[in-house]
Amino acid sequence: MILLMGRWDHGGNLHIESSDEFPDDVPDETITALVDGQDDQSWSASFLANGHERALQEAYETFVKDEGGSLIDEAWGFQVDE
């Protein structure tokens, strides 16, 4: 499982600030503790994906694509857009 955390900018782009990989059977409390530590302006989602790049693609397709923005990965240096 990949946990992505970041925030939206005013231009409709999603900036990924961190990416953490966990075993699929990680306790929910572990993920909850990380997500609860974010401020109210933050975004987070977890993906059952094989690797960081696949999680980014799923995040883009699910949350960004239809809004017309870009997904900018500040954690690993990728950008996903059309």
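All of the points below concern the structure found in this document. Residue indices follow the written sequence of each chain, beginning from 1 at its first position. Where totals are concerned, whole chains, interfaces and linings use all residues; where local detail is concerned, this predicted model gives features only for residues with pLDDT of at least 70, and gives and counts side-chain atom pairs only at 80 or more. Excluding hydrogens and water, the side-chain values take into account all heavy atoms of the structure.

## So, the packing of aromatic side chains
Then step 1. Stacked, edge-to-face and tilted are the three classes for Phe, Tyr and Trp ring pairs, Trp counted by its six-membered ring, which pair at centre distances within 6.5 Å; planes under 30 degrees apart are stacked, over 60 edge-to-face, the rest tilted. Summed over all chains, the structure comprises one aromatic pair.
Then step 2. Considering the side-chain rings of W43 and F63, the 5.3 Å spacing of their centres and the 80° angle between planes classify their relative orientation as edge-to-face. One end of the pair, W43, is in strand β3 (residues 42-47); the other, F63, is in helix α2 (residues 52-64), and 20 residues separate them in sequence.
Then step 3. Partly exposed residues are those whose accessible area sits between 20% and 50% of the maximum for their type, while under 20% is buried and over 50% is exposed, using a 1.4 Å probe and protein chains only. For W43, a relative accessible area of 9% gives the class buried.
Then step 4. We classify F63 as partly exposed; its relative accessible area is 32%. Strands are runs of DSSP state E lasting at least 2 residues, helices are runs of H or I lasting at least 4, and numbering of each runs from the N terminus.

## Comments concerning the nonpolar core
Then step 1. In terms of nonpolar packing, the biggest core is built from 15 residues, with L4, I16, W43, F47 and L71 touching the most fellow members.
Then step 2. Elements with a contribution of two residues or more to this core: β1 (2-8), β2 (14-21), β3 and α2.
Then step 3. Among the elements that line this core, the one with the most residues is α2, at five residues.
Then step 4. Not counting residues within four places of it along the chain, the set of residues in contact with F47 comprises M1, I2, L4, A55, E58, A59 and F63.
Then step 5. Here, nonpolar core means buried Ala, Val, Leu, Ile, Met, Phe, Trp, Tyr and Cys residues that are tied together by side-chain atoms lying within 4.5 Å of each other. Judged by nonpolar contacts, the second largest core, of six residues, contains L3, M5, F22 and V26. Contact between two residues is taken to exist if any of their heavy atoms lie within 4.5 Å; hydrogens are not considered.

## What to know about α2
Then step 1. In a regular helix each residue adds 1.5 Å, so 13 residues correspond to 18 Å; α2 covers 17 Å between its end C-alpha atoms and thus fits that length.
Then step 2. Among the residues of α2, those classed as buried are H52, A55, L56, A59, Y60 and V64. For α2, the angular spread of the buried residues around the axis is 140°, confining them to a single face.
Then step 3. Its buried side turned inward, α2 meets β1, β2, β3, β4 (71-73) and β5 (78-80). Each residue after the first adds 1.5 Å to the expected span of a helix. This arc is taken over the directions from the axis of the helix to the C-beta atoms.

## As for the pattern of salt bridges
Where charged atoms from two side chains of opposite charge come close, those side chains can pair.
Then step 1. A side-chain nitrogen of Lys or Arg and a carboxyl oxygen of Asp or Glu constitute a salt bridge if their distance falls within 4 Å. A complete count under the given rule lists three salt bridges for this structure.
Then step 2. A salt bridge links R7 to D39; the shortest N-O distance between them is 3.3 Å. Remark: D39 occurs in the loop between α1 (28-36) and β3 and R7 occurs in strand β1; sequence separation between them is 32 residues.
Then step 3. The partly exposed category is assigned to D39, whose relative accessible area is 42%.
Then step 4. Ionic pairing is found between E58 and R54, a salt bridge with its closest N-O pair at 3.5 Å. Separated by four residues within a single helix, E58 and R54 lie in helix α2, roughly one turn from each other.
Then step 5. Residue classification places R54 among the partly exposed positions, given a relative accessible area of 39%.
Then step 6. Taken together, the shared-partner salt bridges in this structure form one network comprising R7, E17 and D39.

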